[in-house]
Amino acid sequence: MKKIAPVRAEHTHRRKIYVLDTSVILHDSHAIDHFQDNDVAIPITVLEELDNFKQGSALKNFEARSFIRFLDQLAGTHTLQDWIPIEGENRGRFRVVMPRHPVAFQDAEVVFDDRKPDHKILNAALALQEDEPEARVILVTKDINLRLKAKALNLPAEDYETGKIKDLDNLYTGKALIEGIEHEIINEMFEKGAVGIEQLMPQFPPDNHYYILKNGTHSTLAFYNPVNRLMERVEKQSAFGIKPKNAEQAFALHAIFNPEVKLVTIRGGAGTGKTLIALAGALEQRRDFRQILIARPVVPLSNKDIGFLPGDVKDKLNPYMEPLWDNLKFIKNQFSATDKAYKLIEEMVEQEKIMITPLAYIRGRSLSKVMFIIDEAQNLTPHEIKTIITRAGENTKLIFTGDIDQIDTPYLDSQSNGLSYVIDKLKGNRLYAHVTLEKGERSELANLASELL
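Residues numbered from 1 in each chain as written. Predicted model: local features only at pLDDT ≥ 70, side-chain atom pairs only at ≥ 80, totals over all residues. Heavy atoms only, no water.

Asker: Can you walk me through the overall build of the protein in this structure?
Answerer: Secondary structure summary: the protein contains 14 helices and 17 strands in total. By residue count, 50% of the 453 residues in the protein fall in the buried class. In the protein, of all internal contacts separated by at least 6 residues, the share reaching a separation of at least 24 is 68%. (Helix = DSSP H or I, 4+ residues; strand = E, 2+ residues; numbered from the N terminus. Buried < 20%, exposed > 50% of the residue type's maximum accessible area, 1.4 Å probe, protein only. Contact = heavy atoms within 4.5 Å.)

Structure (structure tokens):
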């Protein structure tokens, strides 16, 4: 009987060339390092666009400058029209490609009737596809619409996958409910404050994981302490006049108060109290830290840079930082104007013991003995999150808060943002704790809108 050779997909063993868009470089200036042994091409239009981003103090400006320096070092004595080997074992090559009009393929500038940078990038990729027929050319971009345009021109296109969470439905929540716990164990938790983990489960849970232990109407809050390997009881503590209204908020405050935990993430929707809890917890520990820094990424509205706003840097940033001031005012108003706590907050602001600052000013600093709260962390890239965490010096604690369903930047989503990334990568580490807040506590009307509208 005649044997039939197995059919193989044509592109399975073909060399791949990934063409990177500007959005990928601004997302991760080290993107070239993440394509294994495949070749990487950068359209010269991307270099033109990066030239526009190199000025400024925003994180994307640092990414642009970092990539330009990296490219200059990589090129060495070569011209960028050559295929230049990327340093490292089993790595591919790199070159810059020109946006000429393709001959055998459709011209993007003609098809879309516009000579915009995106169409020059498409033409560069199409021309490369024409010049390298033995290779599979793939456009990589964070811009969804550009991916659609590429596919309309029969050009393969992909999102930049590095740092993207694959299983978002099972993203770590930091908490669990265990029902059917024996009454004796719950009683022992109240009497002794802790029980051996073997009384509850056959194996050790993730470090700093939180639990609601329940038996009928009897229950207690607990967390797994990786230091002594015990399940310890969590008591509902108040912080600077703010009392936790549910178990999740109690867990979040416990994590903020825990001196063994150096990094806390709090995820939750609008009205769940994530920013308020973080601020109150920081104020309660004011004596343990030299300064409380509060920041959030500046995401300009209507695609306008903050430069169009009048005033100095402080005036320009105030509209973006107002929600942080609102939370601080809410805490202050828990007390009367004559109360010591009320005056203390005002004094801390005046003396810059509490300071609201743009994230751009953090880069390059070493933050020692600081409580640093980063709000709206879902608007940061994984690379930006890493940059912030690496600023932490001795006795510094970081708190990231955010809602991965409320992302305001065009090139991030619930899978690729920095908050999801850090939750997924650091879960189970003894220096890290996470809590997902699910119950809204702002008002009955806010809860109604969240549930039904």
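Having seen it, we continue.
Asker: For this particular structure, what's the right way to read the packing of helix α5 (residues 117-131) against helix α6 (residues 144-152)?
Answerer: Angle between the axes and distance between the axes are the two parameters that describe a pair of packed helices. Interaxial distance between α5 and α6 falls to 11 Å at its minimum, and their mutual angle equals 45°. One finds that α5 runs oblique with respect to α6. The two elements α5 and α6 cross, and the hand of that crossing is right-handed. Mapping the contact onto sequence places Asp-118, His-119 and Leu-122 in α5 and Leu-146, Lys-149 and Ala-150 in α6. Tallied by class, the residues present in the contact of α5 with α6 amount to 3 nonpolar, 1 polar and 2 charged. (Axes fitted to C-alpha atoms, helices over the stretch in contact; angles between N-to-C directions. Parallel < 35°, antiparallel > 145°, perpendicular 65-115°, else oblique. Left-handed = near helix turned anticlockwise from the far one by under 90°. Nonpolar A, V, L, I, M, F, W, Y, C, P; charged D, E, K, R; others polar.)

Asker: Explain the side chain of Arg-95 here, please?
Answerer: If you trace the backbone, Arg-95 turns up in strand β4 (residues 93-97). Here Arg-95 occupies a buried position and makes no salt bridge, while the nearest side chain of opposite charge, Glu-132, is found at 4.6 Å. Those residues in contact with Arg-95 that sit more than four places away from it in its chain are Val-40, Ala-41, Ile-42, Leu-80, Gln-81, Asp-82, Trp-83 and Leu-128. (Lys, Arg positive; Asp, Glu negative; His and termini not counted. Salt bridge = Lys/Arg side-chain N within 4 Å of Asp/Glu carboxyl O.)

Asker: Would you take a moment to explain helix α3 (residues 59-75) for this structure?
Answerer: Given 3.6 residues to a turn, an α-helix orients residues that are three or four positions apart in the same direction. Between its first and last C-alpha atoms α3 spans 24 Å; for 17 residues at 1.5 Å apiece the expected length is 24 Å, and the two agree. Buried residues in α3 make contact with α1 (22-27), β2 (39-43), α2 (44-53), β3 (84-85), β4 and α12 (382-389). Positive backbone phi, at 55°, marks Gly-76, one or two positions downstream of α3. (Expected span 1.5 Å × (residues − 1).)

Asker: Help me out: how do you make sense of the sheet that holds strand β15 (residues 370-374) in this one?
Answerer: The strand order across the open sheet formed by 6 strands is β14-β13-β15-β16-β12-β17, and the pairing between neighbours is parallel. Edge positions in the open sheet fall to β14 (354-356) and β17 (432-437), since each of these has one partner strand only. Averaged over all neighbouring strand pairs, the angle between strand axes comes to 15°, with direction disregarded. α12 rests against β12 (263-268), β15 and β16 (397-402) of the sheet, and its axis sits at about 155° to β16. (Pairing = 2+ DSSP bridges.)

Asker: How should I be thinking about the nonpolar core in this particular structure?
Answerer: Where a protein is soluble and globular, its nonpolar side chains tend to be buried together. Core analysis: the biggest nonpolar cluster contains 43 residues, and Ile-256, Leu-283, Ile-292, Ile-294, Ile-331 and Ile-399 have the highest contact counts within it. The biggest single contributor to this core is helix α8 (residues 247-257), with 8 residues. Among residues more than four places away in sequence, those in contact with Ile-294 are Leu-279, Leu-324, Ile-354, Met-355, Ile-356, Thr-357 and Ile-373. Listed in part, the 42 residues of the second largest apolar core include Phe-67, Ala-124, Ala-125 and Val-137. (Core = buried A, V, L, I, M, F, W, Y, C linked by side-chain atoms within 4.5 Å.)

Asker: Honestly, the pairing of β15 in this entry has me stumped. Any pointers?
Answerer: In the case of a regular strand, side chains alternate between the two sheet surfaces. In terms of burial, β15 is largely enclosed, as 5 of its 5 residues are buried. Burial along β15 is two-sided: Val-370, Phe-372 and Ile-374 facing one way and Met-371 and Ile-373 facing the other are all buried. Bridge analysis of strand β13 (residues 291-295) against β15 gives 5 bridges, and the strand direction is parallel. Bridge assignment links Leu-293 to a residue of β15, and that residue is Phe-372. Pairing of β15 with β16 involves 4 bridges; the strand directions are parallel. Its bridge partner being in β16, Ile-374 is matched across the sheet by Phe-400. Each parallel crossover has a hand, and the one from β15 via α12 to β16 is right-handed. (Right-handed = clockwise from strand over helix to strand, strands pointing away.)

Asker: Would you take a moment to explain the environment of Ala-75 for this structure?
Answerer: Considering the arrangement of structural elements, one finds Ala-75 in helix α3. Each C-alpha atom, one on Ala-75 and one on Ile-86, is 9.5 Å from the other, the two residues being 11 residues apart in sequence. Dropping the residues within four chain positions of it, Ala-75 is found in contact with Leu-80 and Ile-84.

Asker: Before we go on, may I ask you to explain the packing of aromatic side chains in this structure?
Answerer: Both the distance between ring centres and the angle between the ring planes are used here to describe each pair of aromatic rings. The full count for this structure, using the stated rule, is 7 aromatic pairs. Judged by centre distance (5.7 Å) and plane angle (75°), the rings of Phe-240 and Phe-335 are edge-to-face. One end of the pair, Phe-240, is in the loop between β11 (230-233) and α8; the other, Phe-335, is in the loop between α10 (313-332) and α11 (340-350), and 95 residues separate them in sequence. Chaining the aromatic ring pairs together yields one cluster made of Tyr-18, Phe-35 and Tyr-160. The residue whose ring lies beneath Lys-149 is Phe-112, and the NZ or CZ to ring-centre distance is 5.0 Å. The lysine or arginine in question, Arg-229, covers the ring of Phe-204, its NZ or CZ lying 4.6 Å from the ring centre. (Phe/Tyr/Trp six-rings, centres within 6.5 Å; stacked < 30°, edge-to-face > 60°. Lys NZ or Arg CZ within 6 Å of the ring centre and 35° of its normal.)

Asker: Quick question: what am I supposed to make of the sheet that holds strand β7 (residues 175-179) here?
Answerer: The strands making up a sheet associate through hydrogen bonds between their backbones, and the pairing can be parallel or antiparallel. Pairing is mixed in the open sheet, where 5 strands are placed in the order β7-β9-β10-β11-β8. The open sheet has two free edges, formed respectively by β7 and β8 (194-196), since each of these has just one partner strand. Averaged over all pairs of adjacent strands, the angle between their axes in this sheet comes to 30°, without regard to strand direction. By the bridge criterion, 6 bridges tie strand β9 (residues 210-215) to strand β10 (residues 218-225) in an arrangement that is antiparallel. Along β10, the bridge assignment pairs Ile-212 with Leu-221. The strands touched by helix α7 (residues 183-192) within the sheet are β8, β9, β10 and β11, with β10 carrying the most contacts at an inclination of about 65°. Where α8 meets the sheet, it contacts β7, β9 and β10, and its direction lies at approximately 140° from that of β9.

Asker: How do you make sense of unusual backbone geometry when you look at a structure like this?
Answerer: Backbone geometry follows two general trends: most residues other than glycine have a negative phi, and most peptide bonds adopt the trans configuration. The residue Asn-90 is not glycine, and still its phi comes out positive at about 55°. Within the secondary structure, Asn-90 is located in the loop between β3 and β4. For Glu-376, which is not glycine, the phi dihedral falls at a positive 55°. Note that Glu-376 resides in the loop between β15 and α12.

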